[in-house]
Amino acid sequence: MAWRVGVSCVDITPPLHIPELGFIPRQHRFQGVHDQLFAKALAAETDDGAAIIVTADAIGFHRNLLGDDKDFIAEFRKRVSQATGVASDAIMLAASHAHSTPETIGLTPLREVEGTAEWVEVLLDKLVACAINAWKDRKPAKAFASVGEVVGVAWSRRIVGKDGKVYRLPDRPPDEQVDREDHDLQLGILLFRRNDGDIVLVNFTCHPTVVQVNDFVSADYPGALMRFVESHLPDCKMCLFTQGACGDVNPVYQTTGDFDDVALYGMALAGEVIKQVALLRLHYGHPEREKVAETFRRISGWRSAELKPHIAVTRSEFVLPQRADLPDPSEAEAKYREASVKVGGQKWWMRSERSLSEEERRIGAEVRNAWERWRTAVRGRNEWERKVEVQVIRLGEAALVGVSGELFVAPALWLKCQSPFPFTFVIGYANGYNGYLTTQGAWAQGGYEVSMGQWALCGDGSGERVAEQALRLLRSLIPEG
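All figures in this text were calculated on a predicted structure; none of them were measured in a lab.

**Focus on helix H3 (residues 220-232)**
Logical step 1: Compared with the 18 Å implied by 1.5 Å per residue over 13 residues, the 19 Å span of H3 between its first and last C-alpha is a close match.
Logical step 2: Burial in H3 covers these residues: Asp-220, Tyr-221, Pro-222, Gly-223, Ala-224, Leu-225, Met-226 and Val-229.
Logical step 3: Tucked inside the fold, the buried residues of H3 contact strand E3 (38-46), strand E12 (197-204), strand E14 (236-243) and helix H4 (259-283).

Written out as structure tokens, the structure reads:
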């Protein structure tokens, strides 16, 4: 058996009228493009299976993007499956979660903005084409995996003190007063070596919020990482990025808005990627070195392997419990209607930030809070909104675990430790968006992630439930005996 691997890339940079995420009574309008957004696809095939993974410079993809009567993820999978013959369960659509990209996670009434419905259809067409073109590009390859570590890029954004309070950098309490500060320094890569160049898939855990809600379109540090690798790694055909369980993990210097910082974070991560690829090239594929190489890998503890050509997939959907403090929907709606009158009856989410006075901003925050209470009250009671997906794609001794939300990092770290696979990469923001998937006790601690908003529909301990289900799926892909 052998690997056959293909890749593809398509530009998904939006027109400037497509809004991004906003937290005052407007959806932010881009003023220009700092760096282009791309979707990239990896198609892998062996004699016993096939899979397609599409990763995109996007904040995420809610299933309602096409409207309430269609499922964006299901439509994407159906069209790709029909064109390639790859099973729908073996197709993944994931996002980097970059925050200076279009608002496609369903927190605002995007389709009410003129021209966005047509753009979403075009976006879907491009994502489908990207997957199909990767399938057509399949060529023989060898596959490898390794794990490195990067210090100085990511840290916990929910530092829990022994007083039970949640802190963020730079307001971290003294060491002796810190109870936990979960984060993941691991950087995982899959390397596919073809005669015409190397394909690298990267997995790292950190919110891409260096330039959050910026005037300019940007892929944030994942875009900088991929550009640096593709420019500086000899014989690199393509670099793809997958986001980890970064629900409570931020850059060390949080939301600086500085594109120089974007480049530096990207460079730091790219340096580890290039190092890992160099080591894989050095220690694998040379028969005359194999005895020494095998001894070195064993005694050094370096986590790496050549992957045997085998693909298997499994997937599960299940409904998570709702949050416990949902307000009454009718009362919440009445308060929103009352608050919206204060902005002159206009659709508050379509107003320009630059047109607002300080008083309007204050009133706008009131409107926004009332909107969130109302919509959270409605959506939190809807089981469809809380139907989470966990998908596992096995690639030899590596496993990709796709989760449709903002999984906290602690359950993901537990999953990596318990997994039967030596290389387990958790991919957040995959196949939908269910908001934050938290650890048990996070609701009592408070903080943004569990505040009243459509990003927090699923109840306490949802992260552990997702990780436990993921472990069951991982174990199901290990043959008995």
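**Brief notes about the pattern of salt bridges**
Logical step 1: Considering all chains together, one arrives at 34 salt bridges under this definition.
Logical step 2: Note that Lys-416 and Asp-184 form a salt bridge whose closest N and O atoms lie 2.6 Å from each other. On the criterion of sequence distance, the pair formed by Lys-416 in helix H8 (residues 409-418) and Asp-184 in the loop between strand E10 (178-180) and strand E11 (186-194) is long-range, its members being 232 residues apart. Per residue, the accessibility class of Lys-416 equals that of Asp-184, and both read buried.

**Examining the nonpolar core**
Logical step 1: Within the largest apolar cluster, 116 residues are counted, with the highest numbers of intra-cluster contacts made by Phe-61, Phe-72, Phe-76, Leu-127, Leu-190 and Phe-204.
Logical step 2: When residues of this core are assigned to their parent elements, the largest contribution, 11 residues, is made by helix H2 (residues 116-136).
Logical step 3: Ignoring any residue separated from it by four or fewer positions in sequence, one finds Phe-76 in contact with Val-54, Ile-91, Met-92, Leu-93, Leu-124, Leu-127, Val-128 and Ala-131.
Logical step 4: Core analysis: the next-biggest nonpolar cluster, separate from the first, contains 23 residues, Val-388, Phe-421, Val-426 and Cys-458 among them.

**Regarding the packing of aromatic side chains**
Logical step 1: Following the criterion strictly, the structure yields 11 aromatic pairs and no others.
Logical step 2: For the pair Tyr-221 and Phe-241, a centre-to-centre distance of 5.9 Å together with 85° between the ring planes defines the contact as edge-to-face. Of the two residues, Tyr-221 sits in helix H3 while Phe-241 sits in strand E14, which places them 20 residues apart along the sequence. For the residue pair Tyr-221 and Phe-241, the accessibility class agrees, reading buried in each case.
Logical step 3: Geometrically, the ring pair formed by Trp-371 and Trp-374 is edge-to-face, given 5.8 Å between the ring centres and 85° between the ring planes. Of this pair, Trp-371 and Trp-374 both sit in helix H7 (residues 358-379), three residues apart, roughly one helical turn.
Logical step 4: Here Arg-138 stacks its cationic end above the ring of Trp-135, 3.7 Å away from the centre of that ring.
Logical step 5: Over the ring of Trp-371 we find Arg-375; its NZ or CZ atom is 5.8 Å from the centre of that ring.

**A short note on unusual backbone geometry**
Logical step 1: The amide bond that connects Leu-169 to the next residue, Pro-170, takes the cis arrangement and shows omega of 5°.
Logical step 2: Checked against the element boundaries, Pro-170 lands in the loop between strand E9 (166-167) and E10.
Logical step 3: Of note, the phi angle at Asp-235 is positive, near 65°, even though the residue is not glycine.
Logical step 4: One can find Asp-235 in the loop between H3 and E14.
Logical step 5: By relative accessible area, which is 58% here, Asp-235 ends up exposed.
Logical step 6: Phi is positive for Tyr-429, which is not a glycine, with a value near 60°.
Logical step 7: Summarising the element assignment, Tyr-429 is placed in the loop between strand E21 (423-427) and strand E22 (436-437).

How each quantity is defined
Residues numbered from 1 in each chain as written. Predicted model: local features only at pLDDT ≥ 70, side-chain atom pairs only at ≥ 80, totals over all residues. Heavy atoms only, no water. Helix = DSSP H or I, 4+ residues; strand = E, 2+ residues; numbered from the N terminus. Expected span 1.5 Å × (residues − 1). Buried < 20%, exposed > 50% of the residue type's maximum accessible area, 1.4 Å probe, protein only. Contact = heavy atoms within 4.5 Å. Salt bridge = Lys/Arg side-chain N within 4 Å of Asp/Glu carboxyl O. Core = buried A, V, L, I, M, F, W, Y, C linked by side-chain atoms within 4.5 Å. Phe/Tyr/Trp six-rings, centres within 6.5 Å; stacked < 30°, edge-to-face > 60°. Lys NZ or Arg CZ within 6 Å of the ring centre and 35° of its normal.

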